[in-house]
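Structural features, examined
Take a look at the letters that make up each chain.
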Amino acid sequence: MIEAVESSANMPAPVLAAYSYCEAVTGRQARNFAYGIRLLPAPKRRAMSALYAFSRRVDDIGDGGLPADVKVARLEETRAVLARIHEGAVEEDDTDPVAVALAHAARQFPVPLGGLDELIDGVQMDLRGETYETWDDLKVYCRCVAGAIGRLSLGVFGTEPGARGIERAPEYADTLGLALQLTNILRDVREDAEDGRTYLPADDLAKFGCSAGFGGPTPPEGADFTGLVHFEVRRARALFAEGYRLLPMLDRRSGACVAAMAGIYRRLLDRIERDPEAVLRGRVSLPGREKAYVAVRGLSGLDARHVTRQTVRRRA
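Reference entry: report on the structure contained in this document. (Residues numbered from 1 in each chain as written. Predicted model: local features only at pLDDT ≥ 70, side-chain atom pairs only at ≥ 80, totals over all residues. Heavy atoms only, no water.)

Axis separation between helix 11 (residues 225-243) and helix 12 (residues 252-274) bottoms out at 10 Å; the angle between their running directions is 160 degrees. The angle between helix 11 and helix 12 falls in the class roughly antiparallel. Helix-helix and strand crossings are classified by hand; for helix 11 and helix 12 the assignment is left-handed. Here helix 11 contributes Val-229, His-230, Val-233, Ala-236, Arg-237 and Phe-240 to the contact with helix 12, which in turn contributes Ala-262, Tyr-265, Arg-266, Leu-269, Asp-270, Ile-272 and Glu-273. For the contact of helix 11 with helix 12, the class distribution of residues is eight nonpolar, one polar and four charged. (Axes fitted to C-alpha atoms, helices over the stretch in contact; angles between N-to-C directions. Helix = DSSP H or I, 4+ residues; strand = E, 2+ residues; numbered from the N terminus. Parallel < 35°, antiparallel > 145°, perpendicular 65-115°, else oblique. Left-handed = near helix turned anticlockwise from the far one by under 90°. Contact = heavy atoms within 4.5 Å. Nonpolar A, V, L, I, M, F, W, Y, C, P; charged D, E, K, R; others polar.)

Here Arg-74 lies in helix 4 (residues 68-86). Along the chain, Arg-74 and Ile-61 lie 13 residues apart, while their C-alpha atoms are 7.0 Å from each other. What Arg-74 contacts, discounting residues up to four positions off in sequence, is Ile-61 and Leu-66.

Ranked by size, the top nonpolar core spans 97 residues in total, and within it Leu-102 and Leu-116 carry the most contacts. Counting residues per element, this core draws most heavily on helix 7 (residues 135-157), at 11 residues. (Core = buried A, V, L, I, M, F, W, Y, C linked by side-chain atoms within 4.5 Å. Buried < 20%, exposed > 50% of the residue type's maximum accessible area, 1.4 Å probe, protein only.)

Further remarks concern the environment of Glu-130. Position of Glu-130 among the secondary structure elements: in the loop between helix 6 (114-127) and helix 7. Owing to a relative accessible area of 30%, Glu-130 belongs among the partly exposed residues under this scheme. Sequence separation between Glu-130 and Tyr-199 is 69 residues, and the spatial gap between their C-alpha atoms is 8.6 Å. In this structure, Glu-130 is in contact with Met-125 and Thr-198, ignoring residues within four places of it in sequence.

This structure, assessed with the given rule, holds five aromatic pairs. Ring centres of Tyr-132 and Tyr-141 lie 5.6 Å apart, and the angle between their planes is 35 degrees; on these two criteria the pair is classed as tilted. By relative accessible area, Tyr-141 is classed as buried at 4%. Taken together, the ring pairs connect Tyr-132, Tyr-141 and Tyr-199 into an aromatic cluster. For Arg-46, the ring lying beneath its charged end belongs to Tyr-19, and the centroid distance is 5.7 Å. (Phe/Tyr/Trp six-rings, centres within 6.5 Å; stacked < 30°, edge-to-face > 60°. Lys NZ or Arg CZ within 6 Å of the ring centre and 35° of its normal.)

What follows covers helix 6. In a regular helix each residue adds 1.5 Å, so 14 residues correspond to 20 Å; helix 6 covers 20 Å between its end C-alpha atoms and thus fits that length. Every buried residue of helix 6 is listed here: Gly-115, Leu-116, Leu-119, Ile-120, Gly-122, Val-123, Gln-124, Met-125 and Asp-126. Residue Gly-129 follows helix 6 closely and has a positive phi angle near 70 degrees. (Expected span 1.5 Å × (residues − 1).)

For Ala-202, the position within the fold is in helix 10 (residues 202-207). You can call Ala-202 partly exposed: its relative accessible area is 26%. Through-space distance from the C-alpha of Ala-202 to that of Trp-135 is 8.8 Å; in sequence the pair is 67 residues apart. The residues touching Ala-202, leaving out its near neighbours within four places in the chain, are Tyr-132 and Glu-133.

Before going further, it helps to spend a moment on the pattern of salt bridges. Going through the model one piece at a time under the given rule, you end up with 26 salt bridges. Here Asp-63 makes a salt bridge to Arg-197, at a shortest N to O gap of 3.0 Å. Of this pair, Asp-63 sits in helix 3 (residues 42-63) while Arg-197 sits in the loop between helix 9 (189-194) and helix 10, and the two are 134 residues apart along the sequence. When the shortest N-O distance is used, the salt bridge between Arg-190 and Glu-194 registers 3.0 Å. Note that Arg-190 and Glu-194 are positioned in helix 9 at a spacing of four residues, about one turn of the helix. For Glu-194, a relative accessible area of 51% translates into the label exposed. (Salt bridge = Lys/Arg side-chain N within 4 Å of Asp/Glu carboxyl O.)

In structure tokens, the structure reads:
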């Protein structure tokens, strides 16, 4: 049973301190994410910070410089912490603040914690050095590391009673996660190559003459790198269009949060489309003023209303 959401005034001091720790981690390490969740009421913002802090721990294990066998062991330790949270075995005075905060969030909101197991599965795929022949193969990975986060977030956001098509909300949240992850893959293509990772599907790379990889600031000789990027951008845009159907199903502030986060990534996608080779020269990002504009647009409900009008036109 989900408990009534506590105010900070009624929250035990150790739990409030655990949430403060998670919010500090989020603000320091996830600027795009932090921009979005600041639009949420405090209980939801705290819960989202707890989800992020746990996810960040998993990602840091995968991306860190530890030997592979130590990473595997650390991931299993993290999965054991998640099992304790599942079982309600984390006390308020536990020494792990992320576990304390996440356990409290899971009591406050119907968060499908199995999604964090999927995230661990995805990082283990990275450790095995898996590559992807087709988009369908890559989708499996994206659903683990990003689609699952979309579904977890939906557990915090909730849906508006009586919203049309509400049974498809988890599907749309999952699809929006795929859109964000594909944008990340495009943005980080050179950084990933330097780490020995290739995420874009092998058949797409071959189609555009890019199978040699992306180890430098210019595309492989004879490659149609611009064509490859534009192809993947179109795929990401289609995922965004589908995932944005979630917005009218959320309350105003949750919808604003999703619109802000997704809007930042859509604008990143616009920049990548305009100058594809920029991703080979360095990380593409948005200035703070542009992120602020996207947040205001999300809070105004413009994106949600736009999606609603599009949905009505399709049904007409």
